[in-house]
Amino acid sequence: LPNETHTDITPIAWDDGVLRFIDQTLLPRELRYVETRDWRDVAAGIERLAVRGAPLIGIAAAYALALAARQGEPVDVAASVLAATRPTAVNLRWALDRALEAGRARRAEAVLAEARRIHDQQMADDRRMGELGAALLPSGATVLTHCNAGALATGGIGTALGVIKTAHRQGPLELVLVDETRPLLQGARLTAWELERAGVPFQVIVDGAAAGLIARGDVHAVLVGADRIAANGDTANKVGTYPLALAARAHGVPLYVVAPLSTIDRTTPDGAAIPIEHRDPSEVSAITGVRDVPALNPAFDVTPNGLISAIVTERGVLRRPCSAAIARLGAAAQAVAS
Ligand code: MRU
């Protein structure tokens, strides 16, 4: 087996005071890095989705605070600007709190050390989730995924894609159906790019094809990431996840959410309390290519916990009812956060 820690994609890296991150808006046409010593460039990069995916947003924000500390700027101010860039992904606030706390107690360099720890921890967590999630899949499975929950979204092997890559290495998988993921095409652009590089067989489908393929019995499991999991297990993820969950339940197909404990927000009681980011309507209307039409652009939707078969975390697989499993995790989650 190839080295399980291997990922040939480095979406973000700190090198001697310079933060480099892939501009994911240009993929797959161009692999270009943004290089900066200014935390404001990171905030702008997160906002325009150059850096995206809940865990990677957190890692980028922690490094941005390290830049702010080096720039001699107040890290608290930088943290509140960074926290406001994307409201749904709770990993952002989680990572900022960790980096701020480290900086408060010790020197500015401690912020960088904490950012590195968050980054390293995510890589290890991805590998663990990959193993635990792969064990849930039948051999020769066809799975369906949405958006991009891969290396580009975490800095490791990915969450849902980490499971897929691990299962392929062990199995292999028969096929991965990749929702193109409107309107910004994270599936067609980013997940397809990653699976191609990893040698995993895949086909891109339009989002609207998913339910019909699930109904035909062509899909053995649906695997998705998460941007925020509430205390009761309700889960916000890229818009289009909820319809997948409905279709999967209607046809007896399991839907697995794969996410680290840092995505679980026990201070948010349920899905109704999760803030949903609404992005510029032009991201939707631009697709028509013809004229500017009125558009509504919620970037995420909420899947109620009852439609989730299990949540795969680095600390184990949480089975239904997820709320009880999350409550039991309380102490462990606290320990991880501190
Ligand atoms: O808007 P994006 O591209 O940041 O949305 C990403 C997702 O919805 C992912 O599924 C989620 O962040 C989990 S990534 C491991």
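One can find the structure itself at the top, above this paragraph.
What you see is a predicted model, and the numbers here were worked out from it, not measured in a lab.

Colleague: Which parts of the structure should I look at to understand the packing of helix 2 (residues 54-70) against helix 3 (residues 75-83)?
Modeller: When two helices pack together, you describe them by how their axes are tilted relative to each other and by the distance separating the axes. It is at 9 Å that the axes of helix 2 and helix 3 come closest, and there the two elements cross at 150°. Regarding the angle of helix 2 to helix 3, the classification is roughly antiparallel. In this structure, helix 2 meets helix 3 at a crossing whose hand is right-handed. Across the interface between the two elements, A61, A64, L65, A68 and A69 of helix 2 pack against V75, A78, A79 and L82 of helix 3. Looking at side-chain class alone, the contact of helix 2 with helix 3 contains nine nonpolar, no polar and no charged residues.

Colleague: Looking at this structure, I do not really get the packing of aromatic side chains. What am I missing?
Modeller: To describe a pair of aromatic rings, you give the distance between the ring centres and the angle between the ring planes. In this structure the tally under the stated criterion is one aromatic pair. Ring centres of W14 and Y63 lie 5.9 Å apart, and the angle between their planes is 20°; this geometry places the pair in the stacked category. One end of the pair, W14, is in strand 1 (residues 12-15); the other, Y63, is in helix 2, with 49 residues separating them in the sequence. Comparing W14 with Y63 shows no difference in burial state: the two are buried. Across from the ring centre of Y33, 4.3 Å away, lies the NZ or CZ of R20, which sits over that ring. Between the NZ or CZ atom of K238 and the centre of the ring of F300, over which it lies, the distance is 4.4 Å.

Colleague: Teacher, can you tell me more about the environment of V75 here?
Modeller: On the secondary structure map, V75 appears in helix 3. In this structure, the C-alpha to C-alpha distance between V75 and R104, residues 29 residues apart in sequence, is 9.5 Å. Apart from residues lying up to four places away in sequence, V75 is in contact with L65, A68, A69 and L100.

Colleague: Looking at this model, I keep getting lost on helix 3. Mind explaining?
Modeller: Given 3.6 residues to a turn, an α-helix orients residues that are three or four positions apart in the same direction. A78, A79 and L82 are the residues of helix 3 that are buried. For helix 3, the angular spread of the buried residues around the axis is 100°, confining them to a single face.

Colleague: How should I be thinking about unusual backbone geometry in this particular structure?
Modeller: Peptide bonds are, in most cases, trans, and in most cases residues other than glycine have a negative phi. At the junction of L27 and P28, the peptide bond is cis and its omega measures out at 5° in the coordinates. Mapped onto the secondary structure, P28 falls in the loop between strand 2 (18-22) and strand 3 (33-36). Looking along the chain, the bond that leaves R182 and enters P183 is cis, with omega of 0°. Position of P183 among the secondary structure elements: in the loop between strand 5 (175-179) and helix 8 (186-198). The residue C147 is not glycine, and still its phi comes out positive at about 60°. Residue position: C147 is located in the loop between strand 4 (142-145) and helix 6 (151-154). Using a relative accessible area of 7% as the deciding quantity, one classes C147 as buried. A positive phi angle, close to 75°, is found at T181, a residue other than glycine.

Colleague: How do you make sense of the site of the ligand when you look at a structure like this?
Modeller: Close to the ligand lie 17 residues; R52, A54, R86, N237 and K238 are nearest. Measuring from an oxygen atom of the ligand, one finds a side-chain N or O atom of R86 at 2.8 Å. With respect to the ligand, the side chain of D227 contributes an N or O atom lying 2.9 Å from an oxygen atom. Here the ligand has 420 Å² of accessible area as a free molecule, and 100% of this is covered by the chains. For the shell around the ligand, the elements supplying multiple residues, two or more each, are helix 2, helix 6 and strand 9 (235-238).

Colleague: Would you mind going over the sheet that holds strand 13 (residues 310-313) with me for this structure?
Modeller: Paired through their backbone hydrogen bonds, the strands of a sheet run either parallel or antiparallel. In space, the seven strands of this open sheet follow the order 6-5-4-7-10-13-14, with mixed pairing throughout. Each edge of the open sheet is held by one strand with a lone partner, namely strand 6 (202-205) and strand 14 (316-319). Strand after strand, the sheet turns through a mean of 25° between neighbouring axes, direction not considered. Bridging between strand 7 (residues 221-224) and strand 10 (residues 255-258) involves three bridges; their strand directions are parallel. Looking at the pairing, V224 lines up with V257 of strand 10. Those strands touched by helix 8 are strand 4, strand 5 and strand 6, and its axis lies near 160° from that of strand 5. Strands in contact with helix 10 (residues 241-250) are strand 4, strand 5, strand 7 and strand 10; relative to strand 7, the strand with the most contacts, it is inclined by about 160°.

Colleague: Would you take a moment to explain the side chain of T154 for this structure?
Modeller: Checked against the element boundaries, T154 lands in helix 6. A relative accessible area of 1% means that T154 is categorised as buried. A polar contact of 2.9 Å, which involves the side chain of T154, links it to the backbone nitrogen of G156. Beyond its immediate sequence surroundings of up to four residues, T154 is in contact with P55, L56, I59, Q122, D126 and T159.

Colleague: Explanation requested: the pattern of salt bridges in the structure shown.
Modeller: Tallying each qualifying case throughout the model produces 18 salt bridges. Among the ionic pairs, R70 bridges to E109, the shortest N-O distance being 3.3 Å. Of this pair, R70 sits in helix 2 while E109 sits in helix 5 (residues 109-134), and the two are 39 residues apart along the sequence. Residue E194 is joined to K165 by a salt bridge in which the shortest nitrogen-to-oxygen separation is 2.7 Å. Here the residue E194 occupies a position in helix 8, and K165 occupies one in helix 7 (residues 160-170), the gap between them amounting to 29 residues. Residues participating in the shared-partner salt-bridge network are R86, E277, R279 and E283.

Procedures and definitions
- Residues numbered from 1 in each chain as written.
- Predicted model: local features only at pLDDT ≥ 70, side-chain atom pairs only at ≥ 80, totals over all residues.
- Heavy atoms only, no water.
- Axes fitted to C-alpha atoms, helices over the stretch in contact; angles between N-to-C directions.
- Helix = DSSP H or I, 4+ residues; strand = E, 2+ residues; numbered from the N terminus.
- Parallel < 35°, antiparallel > 145°, perpendicular 65-115°, else oblique.
- Left-handed = near helix turned anticlockwise from the far one by under 90°.
- Contact = heavy atoms within 4.5 Å.
- Nonpolar A, V, L, I, M, F, W, Y, C, P; charged D, E, K, R; others polar.
- Phe/Tyr/Trp six-rings, centres within 6.5 Å; stacked < 30°, edge-to-face > 60°.
- Buried < 20%, exposed > 50% of the residue type's maximum accessible area, 1.4 Å probe, protein only.
- Lys NZ or Arg CZ within 6 Å of the ring centre and 35° of its normal.
- Arc of directions from axis to C-beta.
- Near = heavy atom within 4 Å.
- Polar contact = N/O pair within 3.5 Å; in protein donor to acceptor, adjacent residues only side chain to side chain.
- Areas by Shrake-Rupley, 256 points an atom, 1.4 Å probe, with all protein chains shown as cover.
- Pairing = 2+ DSSP bridges.
- Salt bridge = Lys/Arg side-chain N within 4 Å of Asp/Glu carboxyl O.

Just geometry here; none of it tells us what the structure is for.
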